[in-house]
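What follows is each chain in one-letter form.
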Amino acid sequence: MSATTVKEPWVHVVKRDRMTVGKSALIHLAGVVLALIICALVIFMLTGLNPIDVYAGIWDGALGTSRRTWVTLRDSAILLCIGFAITPAFRMRFWNIGAEGQVLVGAMATAAVMIYGANWPSWALYTLMPIAGVLAGALWGLIPAVFKAKWNTNETLFTLMLNYVAMQAVTYAIIFWENPKGSNSVGLINMQSEAGWLPSIADNKYLLTIFVVLVIMVLLYGYMKYTKQGYEISVVGESENTARYAGINVKRVIIRTMALSGALAGVAGFLLVSGAGHTISTSVADGRGFTAIVVAWLGKLNPFAMLVVAFFLVFMQRGSIQIASQFGLNDSASEILTGIILFCVLGCEFFINYRLEFRHEEEAVKA
Amino acid sequence: MSTLLIFLQKTITQGIVLLYGANGEIITEKSGNLNLGVPGMMYMGGVAGLAGAFLYENSTANPIPWVGVLIAILAALLCSAFGGLIYSFLTITLRANQNVTGLALTTFGVGFGNFFGGSLSKLAGGVGQISTAATSGGFRTTIPFLRDIPVVGDLFFSYGFLTYFALIITLLLSWFLFKTRLGLNLRAVGENAATADAAGINVTRYKYLATCIGGAICGLGGLYFVMDYSSGTWMNDSFGDRGWLAIALVIFARWRPTQAIWGSFLFGGLYILYLYIPGLTRDMQEVFKALPYFVTIFVLIMTSLRKRREDQPPASLGLAYFREDRN
Amino acid sequence: MEKQPMIEMRGVTKRFGKVVANENVDLSVYPGEILSVLGENGSGKTTLMNMLSGIYFPDEGRIFINGKEVVIRSPKDAFVLGIGMIHQHFKLVDVLTAAENIILGLPGALTLDMKKVTADILALTKRYGFDIDLNRKIYEMSVSQKQTVEIVKMLYRGANILILDEPTAVLTPQETDKLFSVLRNMRDSGKSILIITHKLHEVLSLSDRVSVLRKGKYIGTVQTAEATEMSLTEMMVGKKVTLDIERPEPIGSEVRMEVKGVSCVNREGREVLHQVSFTAKSGEILGIAGIAGSGQKQLLEAIAGLQPVTAGSIIYFDEQNQQRELTKCSTAEIRMMGVRLSFVPEDRLGMGLVGAMGSTGNMMLRTYRSGSSVFTDRKTPRSMAEKIIKELEVVTPSVEAPVGRMSGGNVQKVLVGREIASSPRVLMVAYPVRGLDINSSYTIYHLLNEQKKSGASVLCVGEDLDVLLALCDRILVLSAGCVTGIVDGRTATKEEVGLLMTQGDRAHAKEETK
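Residues numbered from 1 in each chain as written. Chains lettered and ligands numbered in written order. Predicted model: local features only at pLDDT ≥ 70, side-chain atom pairs only at ≥ 80, totals over all residues. Heavy atoms only, no water.

**Focus: the pairing of strand E16 (residues 341-344) of chain C**
All names here are of chain C. Every second residue of E16 is oriented toward a common face, with Leu341 and Phe343 on one face and Ser342 and Val344 on the other, all of them buried. Bridge count between E16 and strand E17 (residues 426-430): four bridges; the pairing is parallel. Bridge pairing in E17 places Leu341 opposite Val426. (Buried < 20%, exposed > 50% of the residue type's maximum accessible area, 1.4 Å probe, protein only. Helix = DSSP H or I, 4+ residues; strand = E, 2+ residues; numbered from the N terminus. Pairing = 2+ DSSP bridges.)

**Thoughts on the packing of aromatic side chains**
Taken as a whole and assessed by the stated rule, the structure comprises 32 aromatic pairs over all chains. Their ring planes at 45° and their centres at 5.0 Å tell us that A:Tyr231 and C:Tyr368 sit as a pair that is tilted. Pair noted here: A:Tyr231 is in helix H8 (residues 228-238) and C:Tyr368 is in the loop between helix H12 (359-367) and helix H13 (379-391), and the two residues belong to different chains. For the pair shown, A:Tyr231 and C:Tyr368 are each scored as buried. Here the aromatic residues A:Phe343, B:Phe108, B:Phe112, B:Phe115 and B:Phe116 are joined through ring pairs into a cluster of three or more. The ring of A:Trp297 has A:Lys300 lying over it, and the distance from NZ or CZ to the ring centre is 4.7 Å. The aromatic ring of B:Tyr274 is capped on one face by B:Lys289, whose charged end is 4.8 Å from the ring centroid. (Phe/Tyr/Trp six-rings, centres within 6.5 Å; stacked < 30°, edge-to-face > 60°. Lys NZ or Arg CZ within 6 Å of the ring centre and 35° of its normal.)

**Points about the interface of chain A and chain B**
Taken residue by residue, the interface counts 46 residues in chain A and 53 residues in chain B. Across the contact surface, chain A and chain B share zero salt bridges. Where chain A touches chain B, the interface holds three residue pairs in polar contact (both at pLDDT 80 or more). Those elements that provide at least two residues to the side of chain A that touches chain B are strand E1 (11-15), helix H5 (122-151), helix H6 (155-177), helix H11 (288-298) and helix H13 (333-348) of chain A. If you tally residues by element for the side of chain A that touches chain B, the top one is H6(A), at 13 residues. (Contact = heavy atoms within 4.5 Å. Salt bridge = Lys/Arg side-chain N within 4 Å of Asp/Glu carboxyl O. Polar contact = N/O pair within 3.5 Å; in protein donor to acceptor, adjacent residues only side chain to side chain.)

**A look at the interface of chain C and chain B**
Contacts between chain C and chain B engage 21 residues on the former and 17 residues on the latter. Where chain C abuts chain B, roughly 1,900 Å² becomes buried across the two surfaces, and 62% of that area is made up of carbon and sulfur atoms. In terms of surface lost to chain B, no three residues of chain C exceed C:Leu104, C:Leu110 and C:Leu112, which account for 27% of the buried area on that side. On the surface where chain C and chain B come into contact, there are one salt bridge. C:Glu100 is the salt-bridge partner of B:Arg187, the closest N and O atoms lying 3.5 Å from each other. Per-class residue counts for the side of chain C that touches chain B are 13 nonpolar, three polar and five charged. (Buried area = accessible area lost by both parts, 1.4 Å probe. Nonpolar A, V, L, I, M, F, W, Y, C, P; charged D, E, K, R; others polar.)

**Digging into the domain arrangement of chain C**
Interface size, as often reported, equals the accessible area lost upon joining of the parts. Residue and element names in this part refer to chain C. Domain annotation of chain C identifies domain 1 (7-237) and domain 2 (244-340 + 458-514). Computed from C-alpha coordinates alone, the two centres of domain 1 and domain 2 are separated by 33 Å. Taken together, the contacts link 16 residues of domain 1 with 15 residues of domain 2. Summing the contributions of domain 1 and of domain 2, the shared interface buries around 1,500 Å²; its carbon and sulfur component is 52%. Between domain 1 and domain 2 we count one salt bridge in total. For Asp466, the salt bridge goes to Lys215, with nearest N and O atoms at 3.3 Å. (Domains from an automatic or database assignment.)

**Re the sheet that holds strand E15 (residues 323-325) of chain C**
Residue and element names in this part refer to chain C. Strand order in this open sheet of four strands is E12-E11-E14-E15, and the pairing throughout is antiparallel. Either end of the sheet is taken by a strand with one partner, and the two such strands are strand E12 (271-281) and E15. Ignoring strand direction, the axes of neighbouring strands in this sheet form an average angle of 20°. Taken strand by strand, helix H9 (residues 296-304) contacts strand E11 (255-265), E12 and strand E14 (311-317), and its axis lies near 65° from that of E12. (Axes fitted to C-alpha atoms, helices over the stretch in contact; angles between N-to-C directions.)

**A look at the pairing of strand E7 (residues 161-165) of chain C**
Residue and element names in this part refer to chain C. Of all five residues that make up E7, five are buried, and the element is covered over most of its length. Where burial is concerned, the two faces of E7 agree: the one with Ile161, Ile163 and Asp165 and the one with Leu162 and Leu164 are both buried. Two strands pair when backbone bridges link them, and strand E6 (residues 83-86) and E7 are joined in this way by four bridges, in the parallel orientation. Note that in E7 the partner of Ile86 across the bridge is Leu164.

**Details of the confidence of the model for chain A**
Residues and elements named next belong to chain A. Residues with a pLDDT of 70 or more make up 94% of chain A, whose mean pLDDT is 86. Note that pLDDT drops below 50 for residues 1-8; the model gives that stretch 14 contacts with residues more than four away or on any other chain. Counting contacts from residues 361-367, a segment whose pLDDT is below 50, to residues more than four positions away or on other chains yields four contacts. (pLDDT = per-residue confidence, 0-100.)

**Brief notes about the pattern of salt bridges**
Residues and elements named next belong to chain C. One pass over the full model with this rule turns up 36 salt bridges over all chains. Between Asp59 and Lys14 there is a salt bridge, and its shortest N-O distance comes to 3.9 Å. Residue Asp59 is found in the loop between helix H1 (45-52) and strand E4 (60-65), and its partner Lys14 is found in strand E1 (residues 7-16); the two are separated by 45 residues along the sequence. Under the relative-accessibility criterion, Lys14 is labelled buried at 5%. Between Glu284 and Arg474 there is a salt bridge, with the nearest N and O atoms lying 2.8 Å from each other. Of this pair, Glu284 sits in strand E13 (residues 284-289) while Arg474 is found in strand E19 (residues 474-479), placing the two residues 190 residues apart along the sequence. The exposure class assigned to Glu284 is buried, which follows from its relative accessible area of 4%.

Set out below in structure tokens:
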């Protein structure tokens, strides 16, 4: 029942039905390969270096030694954790781009407990730290959700702005806690006692963080797939009209889900402070809140696909830091490469959702 | 000069970067594209202008300021418009998600800026600052005589030409959006692409042009920051959160360029207010720095509460348009 | 010599797949004439007009404009030929003013001289007697004002032939009178006007000639002066068609639900249901007939707790014959009270089901709350889905395949299957067979009869009068939000129901004069 136009374009875009997982993975792979080729060209043009050497350097930087591998794995885990935080919100079609801020306040709350509870019994410290991080993150997620539910305030812009409010709040807190005075940084918290530092497991200080994120992965997967609340999130995301028909309280679902989203980001903040940095600074989240959006989007909210994406992005970042020093490049090179890869992968998704139909002569005559 | 005068001067200097960014984003958003790549495009414009000026000054013994200025402007416009073009191709032609694409563009652009900015300093001899004295001098030239009037000269005529150009662009943009046919068509595209399409407007062309021109205007903000504000030097990550503040300013101005003028000065003033309030402790200074964001959130909430239609974002903001989707 | 027609359609046929929407239709309009295109819902009026406005392309037949054969492939082609169509959904930008909408996309000087533009448009509106504030924003306008803007937009773009698709459906009687007087002015200045409608009194008061369509076929054209409501109704609904639909005798007939004086307003604040009262009895099918948009949707949604009621009450009689007030209850509250009420809404994939979920997931829309566990029980809905797929012969690759990708008939079977699986005591269905093929339709009729036999009270909103007359025990007729009558499905005639369907405006008017 399509209307024929006088001048039919030679190519016509048609929406596709759903594609098989394998095929869509193949298209993503093609996007990555295209990206690597473009990156190789860019590297060669800018630096004259052999791209293969540079890629080898990236590999070495990310996975070259066992320490590097563990750092890459831990950073992937934390990025993934933030990606998980965004997942329920995105499933509900709520554009939470405020994960950066939610991570920051979570980190700040954790640091506060660490600093003030340095002499507490360790059970109290280790219980209160995550609770504080989770509550702070949840609160930060709740604010835009309440306004969205009650007055339909644009959540994209609201959550974006809250990121910077959180950043200033952290800066404020740093001055409050700075050590030594006037240094404008908190330094390692509890450097001597290591109170509130996540303990090593089997002599490995990275394992616990990774373990926590894997537990979150399983729990979140179960929550989204098998609980009533998870089901409500899916229905609200697909169609608010249907949700209302099924008697779901849409406002309550929005508020509850954003609290959860913020809480999980708070967990990431807790892990960053207690498990990784043992300090608090405005760069503790380091843009992960934004990168995690890319992880969630490209992973199509599927935890396993997100795991692949998160690992790949961290791999590129860690590797680029290495090539920066190895080849004397500026370490911002990694951001350029990451950017190019993201462009290619985002662009290739077009071919998953649409297909091109080229006009054949005989069809044109028939029309 | 009195402290107040200096404060006002600095307010204007701070505001100009935001004003460029906000104008670029306003024309982009009026076409229905929410481009979160503003920080990236600012870095791209800034570094391209700097590189252009630097290469020119390095290639000749006696650089002529206005040639350097022209080269820098051209390079900045082209490079940041290219950022807009990447975004346009991905979101309009390939219908990628706007938020994610914008964030990717910011990642790319900031990296692009820092990479080349940093590399330039190295090219210049490794240590120290690179010098583009002639060109940056050209950018910072003030109007003779007028500049020497006491107070008035300080307040109104102590700036380089990009400052006045920002005001001109704002007025031009406002005129374009609200007083021309093309502007009317553009607003229709951002509000309701299907209706615009039915009225015979080429939606794709409008979106592409608006987004690329918007990118170029953002790039001028970066150029101003590098060549005028920073006197032609580069420091990595020196833009801070100005790109995001520009996006905040768009909301604050409720998508009206003329409102962005005083908004930019308000934001610029709030941005540096902490330096001028006597007796502020350092922690209180940080609270003051968050003021622009609080103000923006307040405006965002108020507009959603009052539900005045003129104050709302363009209705199709964030949505890709696919003609066959219509029923 | 006879005048040459402005538009002439000869032998136009349009098919959508197997469905023939228009079959061999002839139609002609002369300059300075208003032609009504009359027919029931689904008789192919809009499709026919869409072929003139370039939305659809005819499969067979020829179109002449001023005696010259033309090919209309797109809305732009139609524009060039001077054809402007005003659709039921207006194409206007809300935040722009009327004048801005009118000139949108037109070539001209770069700078907008709104004063001159406004003056130009005003000259045009004065000529035809439009009452319009050009500087007003669209979102501030009433529906009738928006419609005026659309008409002026078409005229300003040089339309000589104006097609209006059910223009009065959204207007009050006063607004309708105003519209008609402008249309008459336009006719007198030589324009041709085609108006799609199914309101007989409007046809009689406005048009010069009437062309009637029935089920896609062209029935004939008569001079309005020679027609009466009776003769037009007969042309429109035709002789009674005998359908082979089973109709068992009602069983039990206790009162299940009592609706008393229910009124609703829509978002714009217009009353869409006015003092509706009726009782629904067990073991019977109560049909609800009416022109599209007469308040059917709001009535069912009000009962289901989805539409706030401004006046009146809805009372349900439970298993112990206790009265339960549903008037102010939300959907969730109604479920919690244990009221066995099922609802098959008109918008199947946008409201009744989640297109992206499989059959199991969609079964859960009703059942996911059951039990006190935080987890959903997927086993029961899964076996329920399997049962429905098997019993109703739903064609789907698996219980997990998204329902949005099934064909219309299968989608409806899943939806109806789910709603009757909870053995409702009141079952509401809206347009249950719309878009379904014959076999699926009969499956649905059978399911409704099964429910009736098991003692449920079935409310069935329908558009095909033949079906309603064959299936229902009683038929309630809604018109413009009012109940204009409740007739016996076994004895009523199509003409009787057809007339009731058009009398709401008068019921309204009568009340206002009281």
